[in-house]
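Structural characterization, general
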Amino acid sequence: MKTPRRDAIIFLVCNREVIGVKREDTFNFAAGPSTMPRSVLEKAAGEMLNYRGTGMSVMEMSHRSAAFLEIFDTAKTSLRELLRVPDSHEILLLQGGATLQFAAIGMNLLSGGAADYAVTGRFSARAAEEAKKYGTVRIAADTSATGHDRIPKQEELKLSEDARYFYYCANNTIYGTEWHYDPQTPCPLVCDMSSDILTRPVDFSRFGLVYAGAQKNMAPAGLTVVIVDKSLVGRELPFTPEIMSYKTMAETDSMLNTPPCWCIYMLCLVLDWVRDMGGIQAMEKRKAERAGMLYDVLDSSRLYIPHARREDRSFMNVTFSTGKKELDAEFVAGAAKRGLVSVRGHKSTGGMRASLYNAMPPEGAKKLADYMREFEREHV
Ligand SMILES: *Cc1c(COP(=O)(O)O)cnc(C)c1O
């Protein structure tokens, strides 16, 4: 009976839910997929078996049915309203994750030409590598020399004359850094906003394309939102698969094939929640409040070492360590015992990472900040 007991101990630390922990006692700091608003899950649960008198779940519905088309249109309209997406830009609801867009951007927008890429973390590095297959990628900045602990300054960016776009990742989920400015460039911006979409206003007149995997701030995994300037659509390389062609997907209103229906429904509910909470402005206020509580602890700490430089640190992912592996593990285990789960850092940074997306209540950040102080008192 030794093996099962050992498993049980691992579950206790890694995943408290399997041993019967209440949701009410848990704050989930996972980086993605991540916590959803409780009221959204309750609403989905209430509509699970019979969606608004249709006699079926949204999961079971034709994507061409009137009920689903209404969900689909509402999701798009809500996104457009909340983010103030102008008519010049098309909203696509796609599959394949943010990762598929690394290649799709190369095929549709780079398209044999040149583009500038800022490499500030794992995802932008992979986006640059992928795009190289479809044109000339110039590295406008690269922060790997200091472990991606910072964001390049405007003056540092090496911009080329002939770039079709400037690519960057607005929030570096793994390293906990965030661009606090939109780069000034002669060409349109292309931006991965997977981990900070819906947390701040976006001036779309500057952006050729914005995209985001849904599983951080919007919906369950399986949906990617792409917001693209219509004037850039239609220049894809001839071998571009039709499922990856922005032109085809725009012409078919993202319904060339079956869209991720359930995720789009959940997105709809999340966007209703964002609106009820007070919209993007309220999300902006909440994010500053949440991250502020943790950064206050880090700023006055003699135990914790923050990963990101102060001026570039992220509102969404707070990264830190004690500098000692065993102590980090003790911190993570102690946090889990208090219902503060998934604070282990990414394997490439080690240490801890607290992801504070829109759905994280400020009480969660407060509880974690209190625990950080308590842990420091016990270990300094
Ligand atoms: C999570 C994440 C990705 C990868 O998303 P997938 O949907 O898993 O492909 C890309 N970029 C950023 C900024 C992310 O946070």
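Our structure's up above, just so we're on the same page.
Residues numbered from 1 in each chain as written. Predicted model: local features only at pLDDT ≥ 70, side-chain atom pairs only at ≥ 80, totals over all residues. Heavy atoms only, no water.

1. A closer look at the overall build of the chain
Inclusion rule: Strands here are runs of E lasting at least two residues and helices are runs of H or I lasting at least four, both read from the DSSP assignment and numbered beginning at the N terminus. The rule is simple: take the accessible area with a 1.4 Å probe, protein chains only, and divide by the maximum for that residue type; under 20% is buried, over 50% is exposed, in between is partly exposed. Contact definition: two residues touch when any of their heavy atoms are within 4.5 Å. Each accessible area value is a Shrake-Rupley result obtained with a 1.4 Å probe; residue values ignore everything except the protein chains displayed when judging cover. His is not counted here, nor are the chain ends, while Lys and Arg score as positive and Asp and Glu score as negative. Taken as the charge location is NZ of Lys, CZ of Arg, CG of Asp or CD of Glu.
The helix and strand tally for the chain stands at 10 helices and 14 strands. Along the first, second and third principal axes, the C-alpha set of the chain runs to 60 × 60 × 45 Å. A burial count over the chain gives 55% of its 380 residues as buried. For the chain, long-range pairs separated by at least 24 residues make up 67% of all intrachain contacts whose partners lie at least 6 apart in sequence. A total of about 16800 Å² of accessible surface is found on the chain, and carbon and sulfur atoms cover 52% of it. Taking the average location of the 48 positive side-chain charges in the chain and that of its 47 negative ones, the two points are 5 Å from each other.

2. Overview of the pairing of strand β4 (residues 136-142)
We count it as follows: Note on pairing: two strands pair once DSSP finds at least 2 bridges between them. Crossovers are marked right-handed if the path from the first strand over the helix to the second runs clockwise, as seen with the strands pointing away from the viewer.
Of the strand pairs in this sheet, strand β3 (residues 114-119) and β4 are connected by six bridges, and their pairing is parallel. Bridging across to β4, Ala115 finds its partner in Val137. In this fold, β3 hands off to helix α5 (residues 122-131), which returns the chain to β4; that crossover is right-handed.

3. Here we look at the site of the ligand
Our working definition: Residue proximity to a molecule or strand is established when one non-hydrogen atom of the residue lies within 4 Å of it. Within 3.5 Å is the distance limit for a polar contact, defined as a pair of N or O atoms, with the added protein rule that one can donate a hydrogen and the other accept it, and that residues adjacent in sequence qualify only through two side-chain atoms. Throughout this entry, Asp, Glu, Lys and Arg are counted as charged residues, while Ala, Val, Leu, Ile, Met, Phe, Trp, Tyr, Cys and Pro are counted as nonpolar. The remaining residues, Gly among them, count as polar.
Contacts to the ligand come from Gly97, Ala98, Thr99, Phe123, Cys169, Asn171, Thr173, Asp192, Ser194, Ser195, Gln215 and Lys216. Take Thr173: an N or O atom from its side chain is 2.5 Å from an oxygen atom of the ligand. In the model, an oxygen atom of the ligand is placed 2.9 Å from a nitrogen or oxygen of the Gln215 side chain. Residue composition of the shell around the ligand, grouped by class: three nonpolar, seven polar and two charged.

4. Concerning helix α3 (residues 66-83)
Since there are 3.6 residues in each turn of an α-helix, residues three or four apart along the chain are aligned in direction. Defined as follows: By definition here, a helix of n residues has an expected span of 1.5 Å times n minus one.
Counted at 1.5 Å a residue, the expected span for α3 with its 18 residues is 26 Å, and the 26 Å between its end C-alpha atoms agrees. When we look at burial in α3, the residues that qualify are Ala67, Phe68, Ile71, Phe72, Ala75, Lys76, Ser78, Leu79, Leu82 and Leu83. For α3, the secondary structure elements touched by its buried residues are β2 (89-94), β10 (224-229), α7 (261-277) and α8 (279-299). Backbone geometry just after α3 places Arg84 at a positive phi near 50°.

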